[in-house]
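Structural features, examined
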Amino acid sequence: MSEPIVRFENVSKRFGETVVMRDFDLDIAPNEKLAVIGPSGSGKSTLLRLLMTLEQPDGGVIYVKGEPLHHMWKNGRLVSADQKHLRKVRSHISMVFQHFHLFPHMTAIGNVIEGPIHVLGMKRAEAVARAEELLDMVGLADKKGSHPSQLSGGQQQRVAIARALAMQPDVMLFDEVTSALDPELVGEVLNAIRKIGREQDITMILVTHEMGFAKEFADRVIFIEGGRIVEQGPGAQVLSEPRNERTQAFLRAVLG
Amino acid sequence: MDIMRFLPTLLDGAWITVQITVLAILLALFMGFVSGLMRLSGVWAVRAVASVYIEIFRGTSALVQLFWMFFVLPFFGISLDPFTVGWIALGLNVGAYGGEVVRGAIQAVPRGQYEASIALNMSKWLAMRRIIVPQALPAMVPPWGNLFIELLKATALVSLITISDLTFRAKQLNDQTFQTVEIFTLVLFLYLAIALVITGVMRIVERWTGRGLARGGIK
Ligand SMILES: Nc1ncnc2c1ncn2[C@@H]1O[C@H](COP(=O)(O)OP(=O)(O)OP(=O)(O)O)[C@@H](O)[C@H]1O
Ligand SMILES: [Mg+2]
């Protein structure tokens, strides 16, 4: 395997008494499409939130492109990262949330150009041109002047995807991005994700309950429970012929 | 009996009252935003400094603060003219309440907005400036408006440190003429007029800050 783009090494995370992850290890290859499945409370969101630096690990190290994320090297020792280091390594990652979290005081295109202009320092004209391309790609060219409150859930989520993509991340995180949507709107969002997967050199980690999508889209599916990887492999294997009995039980419960 | 003959003197006083109100409002806004944002800092010492300011100025009366700055500060070698003491004391006092207004409105912005800012790799300061504060502003405007009206009313206290504001002029005229009913009725309406101007301005500010958010309503 080539150098992993993301590596979880011995990561542990707890909230008070609740241990969510214990000695968690995971390597993700560049350009890999990884689907994460598991029961509620198993730590799927925590996995993504740690990688987005929305949470701090209690132990272990997460590496992105070989560099520690929450830590940095100082005199040959790993110490807590300062803001500068954190923002440098974090620039490789972006995230799409279950509840979109679009900026309500900005238009669709305003949401998409915000990061490129103010974080990447891109010229306004260039940021607008790229944002228009991205909105076109997710099928929202005609909605660029709309405010989030004027868009459907599926449209808002596609704007959120364009917004994350505009940051030119190497790794994109998707946390149950279709779970808050009416069933008829799920397809348009999954299509946007498929398109990005096809057209861009980008690593994607998707927490999802869409088993059909995971099987068809992901290079690898991991099933986690109690903050541990119980079973992993190609979607066709993990989802169709699970070996572990807990995976089997979970899939029986979800697929009915 | 022509009560209008009191008007020129009272208007002189009202002008002083307006000046003190406006300067104190500007100071209160500044102190409110600075202390409110400091209360939200990740650094313990920064939060502590803001808390001390807010608790001292909320926990003691504006009159005592005014007297203290006017009569006690000179013992420490700081002698300010009454006008300066007037607006600074009131601005600091109202700024302390404003700090809580700012903090409360900022904390009411949904957590997801901070998280989205981090997902776009924004610095904390950029996220505050571009994402959080603009969404917190509409909620701040009405309570700030109330504070400004309170501030206007509190300016009457400055008459006690020899500033010839509206209240000072009224008492002076009353002592000379004993036309109590006429004078204080006129004063009442003058204060009311200033308060209505403040309310009107705040309405405009409210509409202006809500501009983006109002479009189609927030879901
Ligand atoms: N901020 C928090 N404070 C306290 N406990 C938390 C916090 N975040 C998560 N937890 C707990 O950690 C565990 C894992 O949560 P996590 O959100 O990662 O699960 P999940 O696999 O994403 O579940 P779901 O499928 O319901 O989204 C849960 O028991 C949850 O209650
Ligand atoms: Mg979750």
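Cut-offs and rules
- Residues numbered from 1 in each chain as written.
- Chains lettered and ligands numbered in written order.
- Predicted model: local features only at pLDDT ≥ 70, side-chain atom pairs only at ≥ 80, totals over all residues.
- Heavy atoms only, no water.
- Pairing = 2+ DSSP bridges.
- Helix = DSSP H or I, 4+ residues; strand = E, 2+ residues; numbered from the N terminus.
- Contact = heavy atoms within 4.5 Å.
- Axes fitted to C-alpha atoms, helices over the stretch in contact; angles between N-to-C directions.
- Near = heavy atom within 4 Å.
- Polar contact = N/O pair within 3.5 Å; in protein donor to acceptor, adjacent residues only side chain to side chain.
- Areas by Shrake-Rupley, 256 points an atom, 1.4 Å probe, with all protein chains shown as cover.
- Nonpolar A, V, L, I, M, F, W, Y, C, P; charged D, E, K, R; others polar.
- UniProt positions renumbered as here; feature names shortened; annotations may be inferred.
- Buried < 20%, exposed > 50% of the residue type's maximum accessible area, 1.4 Å probe, protein only.
- Right-handed = clockwise from strand over helix to strand, strands pointing away.
- Salt bridge = Lys/Arg side-chain N within 4 Å of Asp/Glu carboxyl O.
- Core = buried A, V, L, I, M, F, W, Y, C linked by side-chain atoms within 4.5 Å.

Considerations on the sheet that holds strand 2 (residues 18-28) of chain A
All names here are of chain A. Taken together, the 4 strands give an open sheet; going across it, the order is 2-1-4-5, and neighbouring strands pair in antiparallel fashion. The outermost strands of the open sheet, each flanked by one partner alone, are strand 2 and strand 5 (67-68). Relative to strand 5, strand 4 (residues 59-64) runs antiparallel, the two being bridged by 2 bridges. Opposite V64, over in strand 5, you have E67 as the bridge partner. Along the sheet face, helix 1 (residues 44-51) touches strand 1 (6-15), strand 2 and strand 4 and points at about 115 degrees away from the line of strand 1.

Section: the site of ligand 1
All names here are of chain A. Ligand 1 sits among F15, T18, V20, P39, S40, G41, S42, G43, K44, S45, T46 and E176. Within the contact set of ligand 1, an oxygen atom lies 2.8 Å away from a backbone nitrogen or oxygen of G41. Within the backbone of G43, one N or O atom sits 3.0 Å away from an oxygen atom of ligand 1. Against a free-state accessible area of 630 Å², the protein chains account for coverage of 59% of ligand 1. The set of elements that each furnish at least two residues to the shell around ligand 1 consists of strand 2 and helix 1. When residues in the shell around ligand 1 are grouped by element, the largest group, 3 residues, is from helix 1. Looking at the shell around ligand 1 residue by residue, the class counts come to 3 nonpolar, 7 polar and 2 charged.

Here we look at the UniProt feature "domain: ABC transporter" (unreviewed entry) in chain A
Under the present numbering, the feature "domain: ABC transporter" (unreviewed entry) in UniProt falls on residues 6-251 of chain A. The annotated region residues 6-251 of chain A carries 37% helix and 28% strand content, and the separation between its end C-alpha atoms amounts to 27 Å.

Structural notes on the pairing of strand 9 (residues 171-175) of chain A
All names here are of chain A. Of all the 5 residues making up strand 9, 5 are buried; the element is thus mostly covered by neighbouring parts of the structure. Burial along strand 9 is two-sided: V171, L173 and D175 facing one way and M172 and F174 facing the other are all buried. Bridge count between strand 8 (residues 93-96) and strand 9: 4 bridges; the pairing is parallel. From the neighbouring strand, I93 faces strand 9, where its bridge partner is V171. As paired strands, strand 9 and strand 10 (residues 203-207) are joined by 5 bridges and run parallel to one another. Bridging across to strand 10, L173 finds its partner in I205. The handedness of the strand 9 to strand 10 crossover, carried by helix 6 (residues 183-199), is right-handed.

So, unusual backbone geometry
Residues and elements named next belong to chain A. A positive phi angle is found at N10, which is not glycine, with a value near 55 degrees. The phi dihedral of T53 falls on the positive side, at around 65 degrees, and the residue is not glycine. Mapped onto the fold, T53 is located in the loop between helix 1 and strand 4. With relative accessibility at 9%, the residue T53 sits in the buried group.

Here we look at the pattern of salt bridges
All told, the structure shown has 16 salt bridges over all chains when counted by the stated rule. Between R49 of chain A and E55 of chain A there is a salt bridge, with the nearest N and O atoms lying 3.1 Å from each other. For the pair formed by R49 of chain A and E55 of chain A, the shared burial category is buried. Of the charged contacts, one joins K88 of chain A and E67 of chain A as a salt bridge, the two residues approaching to 3.5 Å between their closest N and O atoms. Taken together, the residues K88 of chain A in helix 2 (residues 83-90) and E67 of chain A in strand 5 connect sequence positions 21 residues apart. Since its relative accessible area comes to 46%, K88 of chain A is described here as partly exposed. What emerges from the salt-bridge pattern is a single network uniting R49 and E55 of chain A together with R111 and E115 of chain B.

Some words on the nonpolar core
In terms of nonpolar packing, the biggest core is built from 88 residues, with F8, L51, L173 and I205 of chain A together with L10 and W144 of chain B touching the most fellow members. It is helix 6 (residues 124-154) of chain B that contributes the most residues to this core, 16 residues altogether. For L10 of chain B, the residues in contact, after removing those within four places along its chain, are L166, R169, A170, L173, I183, L186, V187 and L190 of chain B. Counting 40 residues, the second-largest nonpolar core is a separate cluster that includes A131, A160, A164 and F217 of chain A.

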